[in-house]
Structure formats: structure tokens, C-alpha cells
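An overview of the molecular structure
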Amino acid sequence: MAILNKIRQRSLILILVIALALFAFVIQGVIDNPNAFSNSQGVVATVNGTDIDVTDFQKKVKNYQDGVGGNISSTQAKNAIYNQEVRKIILDAEYEALGLSVEKDEMRDLLKNSFQSNPEFQDENGNFDVNRLNAFISNLKDISPDSAPLLYAGRTININYDSWTNNEQSIAANSLQQTYYNMIKAGVNTTIAEAKDEYMADAKNVDIRFVQIPYTTIADSLVEVSKSDIKAYMKEREDKFKVDASREVVYVEFKEEASKADEDAIKAALIKLKSDRAEYNDSSGNTDTILGFDSVKNVAEFINSNSDINYNDAFITAAQIPAVAKDSLMKLEVGEYYGPYRDGEFFKLSKMIAKEQLPDSVKTRHILIPFLGAASAGPDVTLTREEANKQVDSLYNILKTDKSKFDDFVTEYSTDQGSVDNGGRYDWFPYNRMVAPFRDFSFNGKTGDMGVVETAYGFHIIEIEGQKGEADVYKLATLARKIEPSQETLDDVYNRATKFEIAAKDADFNALAKERELTVKPITLKELDENIPGLGSQRELVRWFFEENREEGDFKSFSVSGYGFIVAKLVEKNEAGLMSVEDASVTVLPEIRKEKKAKMIREKIKATSVDEIAKNQGQSPKTAAALTLKNTTLAGAGVEPKVIGAAFGLEQGKTSKPINGEKGVYVIEVTKVTEATELDNYTSIVNRLNATRRGAVQGKVYQALEKAADIEDNRAKTVF
């Protein structure tokens, strides 16, 4: 009690101590993570001052994923919604500035256009019924957030009120977008002068003589390029060399794959299954004999109980036998084995069960009577299995005495839409085309046979109308075991990865990898990357390397699902901005060298005619005929737009000054100019150019708007 009293007396002090500790904890968090209380944590992006809220964003991502049925990754869905939201904000600002909107009456018409062919919103006469649409929307609102099924684009999807609202907004947005772009297209026109230039660029041509002094006449070693040269080149072309933030990473792999000992054990286990074995039975206290592959009678049950691939009780052709063991398997006699052999990810032991000769192909006709629960049974199917069986027996008994009624019965009773219009016929199909019972009757019988078989689709009355050809077929029973690492191997892989990670703290990463015979692989990561070649989706890894406190030299072990482990190290951090001089030099060096070589070549040119320059520079004069502005290829030199452009700027008989081309320095002489005959009417060219330009409006306008927008992208800090 005395202790409790002392605690009560000092409670104020304790409260102050706890408060100070909590305050220190929070302050330390702010110091460690200065963005802890940043607005960006709740904002996916800010576009022209408008925020994309993270909660709303995540809700839209979920609805989007539900809508596509989970066929895309989380990252793909987030990127799709991000692009959608950015586009919406940018274009909404344009609509507002122009006073564009979708009013209630227009929205009703848009919904009608979108859903008028949907049976769910049609009356008894097949006409669109707005009341049914309103009732559906009202129901969605009442059951929100639950979903209701909707037939859409030929498939049934589950949709809730939020996703319906998003869909309406999307329809309205598409309408506004179309109106907006149509307004722009209306202002895109081609003048007669432009049409004339377009025509002349193809119709007018010139002949030239020229001399080319290739850049290769000066060795690279004679041209000095400094870092300052590269920086100056990049500064003049900043847009071309802007890059996103990236991380240069190297890693080593520790794959979880079967060892030689694991493979030998799998093969041994397969061989062991051939023989009978004694096994003690705890329940009876007796030793039971477990039949092996050699003596078992129920082959299907044995295979399905002991194999990673189920038994296939069908004959197969030579073309269907695994290529890796085809010749050996085909030579087996009934009862003989081949294997174990490797086939892809499996070791297999195969036994020949039967060998026969069957027709290459068969022609049949049939009547299908489905029943409730049968595969592909439509909503109009009401017969139970017993009722369907009785109906089939009744029809079959009639057909046994009068086959002339077959066509009538197909039309009246068969539900197989793939064959009804052809009298129930399937013409000349190969062995493995049909389901097993249908196939077995068709190929094991003979022409003229008729009978009843049951498949997953219902009951069939089948008549064999023809068989042709003969082919050897084989029935193989195959025990297969997937080639997987043992637990011992998995433990060894984990231990090696862990030991490498520990050793890397005090050793050079590359040297350590070399010592342990591991290959160091480089990768370049961008902040929003998801997939890494060979490793699949690795957002955790990418996120780790872009954390703010990450330093060059940091490394970590990552578990890769279905693969094993990697130990990855950060080699270099590259922030967003201009590309580094080293990285840019790969593309910049050749261009700067070309500029410097051009200057050196021009300084050596003293003569003024093509022939004299060619003689002085050790080159041969060349000719090119019928050049046009639309074709920038210069015969004997390659693509040279500057040279061809210069040719059209000269009068006949004139010689150019030196021209810096793509492959060298050129001097040209225009020997002939062939003027084009002007057209009486340029309307067709105007119309063609209008169509081309207007067709490009939508993509180019948005690209320009997006480029001009002020976008702060926080995806990596909020949702990725």
C-alpha cells in the first residue's frame, strides 16, 4: 500500500515523464522522416493545383480491378487510374474555360445510347425502357455498397453504386472530350498554299553532282572531347537529356532449384513405385502389400494417387507423344516401361498400356438433349437427367427403325448450335477433337453404327457416317513427379544467401561474389517500376532502394516468390534532372566528334568546284538524279536531309558552300531543275491533309496540355 500511495503522490511527475517521452518519440520520427506530416502522404498527385486524394484514388483502383476481373496487377491498375485522373483534371479545366458541360437531358440520351441494346433495360418489344434503367440504378443505391449482376459487352459483371456512378462520369467525360476535340478539329484546316507545297515536294525534282568528305577520314583519336564539351552540348538540348530519378543496382541470385541429389532422389522414387511393397498397417496391426505399377489393376487410380499429372485414358497419336522420348516410347511393347526421363519440369516413367490402329478422322451426326446442370445448358433447359434420358431413349427407338427422321429430330430437339444448321453433322474431325465418350464411340465403332452416349453436355444420339484413313495410336500411363528442390536444398540456399549477406558487410560485394562463383547482375530501377526482368513483380525491392535514407553501398537480401533469394546492392543514386555526363557521353560523344570533324574538314576545303574539292580531298565526284523533298535518301550516301534541302535552295548551275551532313561534309552542284506542272485544283490534297491533321489532333493536343501542366507526382510515397 505504501508503494501505491507513493505512485499516486507522484502521478503528475509520471504523466510529465510519459508525455515528454512520447514527444521525443514523435520529434525523432519527424527528424528521421521529414515528410511524416507532409500533405503528400494523403495526396497521390497535384495537377495544376488540384489534388488527387489517396482515399478516393484507392477506391477507384479497387472498382477498376473488380471491373476487369483481376486480370491486371495492382500496379497496373494504379497507373491506369492515375493517368485517368490526371487526364480528367487537365481536360476538366479546359471544359470549364470553354463553358462545356453535360446537362440532364443529354446525360439521359448518352445512357440510352450506351445501354439500349442491353436486354435488362428493354421492354417486352425489345425497346429501350428508361424506367427499367432507373429502377436498376435505384436498386444499386439501395443495396450499396453491395453489388448486383449486369450483362455488359457480352459478359456478366458485378457492379455497385460507386462503380455505376464512375461509369456515368466516364460516359459524360467521353462525350465532353469528343465535343472538345471536335471543336479543335473544326479549326484545323489546310490552306491552298500548304497543299501546293505538299504537291511540289513530290513533283519538283533536281539532279546534282556532289562530293562527300566522310567523317571517317579523320581518326577519332585526333579529336579531343572534354567533359565541358559534353556539358555544353547537353545544356543546349536540355529537354533531350532530362531523366527521371533512377537507382543503379547490382545483385546476385540464390535460386531455389533442385540439386543433382534431388533429381536422383525423384528418379529413384519413380522407379520404386514399379514394385509391390510391404507396409505396416497401424489399424489392423498387419503388414499389407501395396501393389506397384507392375501389378496394379486400376491404372487410373494408381496414377492419380502417385503422380503430379493425372491419368489420361485416351489414345494419342505419334505427334502427341513427348518429343524428348518419342522414338523410345513408340517402340515399347504393351506392358513395357521407359524412363525415368526428363520432360520439361517433370521426371516421367511411362508404361505402354495399349497400341491400336484407329481412323485418321470420322464424320458423324448427332442429336444433343441436355438436362439441368449439364455443361452449357441454357436457361430454357428444364429436363432432369432422368427425363432427358427417357426422351433420348424414345427418340433412339424410333430412329432404330426409321433413320429418315434424324434430320427432323435434330431440328426439333438438338440444342447443339454448332451443328444444328448442318443436320447435326461434324465433318471429318480428328481423334482428340471431341469429349471422350463422343470420341470413343465415333472412333471405336464402324460406319453406320448408331448409339446413345452421355457426356458433360447431356445425352447424344450419334450415328457414324464415315471413317477414313488409319493411324497408329498409343495409350500411355505416365507417372510424373515435378522436379523441385528438397527441404535440405531449400535450407542450403537460404543459408548461402544469409552468409553472403553477412559477409558483404565487411567485404567488397563484387569480389565476394567472384570468390563464391556468383554472377553479379546489374539493373537500373526507376521509382515507379514494378517488374524486373527474370524476377517478376518486385515493388518491395524497388521501394527499398528509393527510400530517402538509402545510401550508395547499402544492400539487402530479398525473398523472390517461386525463385529463391537475391542480395542486392545500391551502386549509384541518380536524381531527376539532367543525365550524368558519363551516361550521356554514349550518345553525345559521336555527335560532338562529328561537329569537330566537320569543322576540321571545312578548314581544309580551299577550292570552290565539286571536281577540284574531290581531287584535293582524295574523293570521287558522284551524281544523284530526280531528288525530291519528300525523299531524304541520297543515292550512294544514305539519309541526308540537310544536303537534299540545300539542293532545293540552289539555282541550276550553282554550287553550294560546305554542308555538314550525317555521314560527312558535302559540296553540291545543281545540274538540273525540273519544275512541276501546277495543278488546276488542289482540293483533293487539301482534303487529304485535313483528314491527316485532324486525325492527329486528339493525341497531340493532350500531349501538349500534359506537358504544359504543373504535375507533382507523389505515387511512390503514397500508393506504390
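Conventions we followed
- Residues numbered from 1 in each chain as written.
- Predicted model: local features only at pLDDT ≥ 70, side-chain atom pairs only at ≥ 80, totals over all residues.
- Heavy atoms only, no water.
- Helix = DSSP H or I, 4+ residues; strand = E, 2+ residues; numbered from the N terminus.
- Rg over C-alpha atoms; globule rule 2.2 N^0.38 Å.
- Buried < 20%, exposed > 50% of the residue type's maximum accessible area, 1.4 Å probe, protein only.
- Contact = heavy atoms within 4.5 Å.
- Areas by Shrake-Rupley, 256 points an atom, 1.4 Å probe, with all protein chains shown as cover.
- Axes fitted to C-alpha atoms, helices over the stretch in contact; angles between N-to-C directions.
- Parallel < 35°, antiparallel > 145°, perpendicular 65-115°, else oblique.
- Nonpolar A, V, L, I, M, F, W, Y, C, P; charged D, E, K, R; others polar.
- Pairing = 2+ DSSP bridges.
- Core = buried A, V, L, I, M, F, W, Y, C linked by side-chain atoms within 4.5 Å.
- Phe/Tyr/Trp six-rings, centres within 6.5 Å; stacked < 30°, edge-to-face > 60°.
- Salt bridge = Lys/Arg side-chain N within 4 Å of Asp/Glu carboxyl O.

Some thoughts on the overall build of the protein chain
Of the regular secondary structure elements, the protein chain holds 24 helices and 28 strands. A compact globule built from 720 residues would reach a C-alpha radius of gyration of about 27 Å, whereas the protein chain, at 39 Å, exceeds it by more than 25%. Projecting the C-alpha coordinates of the protein chain onto the three principal axes gives extents of approximately 105 × 105 × 70 Å. Out of the 720 residues in the protein chain, the part that is buried amounts to 35%. Restricting to contacts in the protein chain with at least 6 residues of sequence separation, those with at least 24 account for 65%. Per element, the accessible surface of the protein chain, about 41700 Å² overall, is 49% carbon and sulfur.

Describing the packing of helix α4 (residues 74-98) against helix α23 (residues 697-708)
Between α4 and α23, the shortest axis-to-axis distance is 11 Å and the interhelical angle comes to 95°. One element, α4, and the other, α23, form an angle in the roughly perpendicular class. Together, Val-86, Arg-87, Ile-90, Leu-91 and Glu-94 of α4 and Tyr-702, Leu-705 and Glu-706 of α23 make up the contact between the two elements. Here the contact of α4 with α23 is composed, by residue class, of 5 nonpolar, no polar and 3 charged.

Thoughts on the pairing of strand β9 (residues 287-290)
Here 4 bridges tie strand β8 (residues 277-280) to β9, and the two strands are oriented antiparallel to one another. By the bridge assignment for β9, Tyr-280 is matched with Thr-287. Connecting β8 to the antiparallel partner β9 that follows it, the hairpin turn spans 6 residues, and Gly-285 within it adopts a positive phi of roughly 80°.

Overview of the nonpolar core
The nonpolar side chains of a soluble globular protein tend to be buried with one another. Counting residues in each nonpolar core, the largest one holds 25 residues, and the members touching the most others are Val-44, Ile-52, Phe-57, Val-86 and Tyr-181. Of all the secondary structure elements, the ones that give two or more residues to this core are β1 (43-47), α3 (54-67), α4, α7 (161-186) and α23. Of the residues forming this core, the biggest block, 8 residues, is contributed by α4. Residue contacts for Val-86: discarding those within four places in its chain leaves Val-47, Ile-52, Tyr-702 and Ile-711. Tyr-251, Leu-525, Phe-546 and Ile-566 belong to the second-largest nonpolar core, a separate cluster that totals 18 residues.

Some details on the pairing of strand β11 (residues 346-358)
As paired elements, strand β10 (residues 337-343) and β11 share 5 bridges and run antiparallel to each other. In the strand pairing of β11, Tyr-341 is matched with Lys-348. Counting the residues between successive antiparallel strands, the hairpin from β10 to β11 contains 2 residues, one of them, Gly-344, with a positive phi of roughly 65°. Of the strand pairs in this sheet, β11 and strand β16 (residues 471-482) are connected by 12 bridges, and their pairing is antiparallel. Residue pairing for β16: Gln-357 is matched across the bridge by Asp-472.

Quick word on the packing of aromatic side chains
One pass over the structure, following the stated rule, counts 23 aromatic pairs. Ring plane angle 45° and centroid distance 6.1 Å describe the contact between Phe-210 and Tyr-666, whose orientation is recorded as tilted. Note that Phe-210 is positioned in strand β5 (residues 205-214) and Tyr-666 in strand β27 (residues 664-674), a separation of 456 residues in sequence. Here the two residues Phe-210 and Tyr-666 agree in accessibility, since each one is buried. With 5.4 Å between their ring centres and 70° between their planes, Phe-293 and Tyr-337 make a pair best called edge-to-face. Of the two residues, Phe-293 sits in the loop between β9 and α11 (299-306) while Tyr-337 sits in strand β10, which places them 44 residues apart along the sequence. Tyr-337 matches Phe-293 in its accessibility class, with the two residues each being buried.

Brief notes about the sheet that holds strand β12 (residues 361-369)
Here 4 strands make up an open sheet; going across it, the order is β13-β12-β15-β14 and the pairing antiparallel. The sheet is open, and its two borders are formed by β13 (425-430) and β14 (450-455), each paired with just one other strand. With strand direction ignored, the average angle separating the axes of adjacent strands in the sheet is 40°. Alignment of β14 against strand β15 (residues 458-468), held across 6 bridges, turns out to be antiparallel. Note that in β15 the partner of Val-453 across the bridge is His-460. Most of the contacts of helix α14 (residues 406-413) go to β12, to which it runs at about 50°, and overall it touches β12, β13, β14 and β15.

A closer look at the pattern of salt bridges
All told, the structure shown has 43 salt bridges when counted by the stated rule. Between Lys-196 and Glu-678 there is a salt bridge; the shortest N-O distance is 3.0 Å. Taken as a pair, Lys-196 in helix α8 (residues 192-203) and Glu-678 in the loop between β27 and α22 (683-695) lie far apart in primary sequence, 482 residues in all. Across the pair Lys-227 and Glu-582 runs a salt bridge whose closest N-O atoms are separated by 3.3 Å. Here Glu-582 lies in helix α19 (residues 581-604) and Lys-227 lies in helix α9 (residues 227-236), a separation of 355 residues in the sequence. Take Glu-582: its relative accessible area is 47%, and that puts it in the partly exposed class. One continuous salt-bridge network, built from bridges that share partners, spans Arg-365, Lys-403, Asp-407, Arg-425, Glu-463 and Glu-465.

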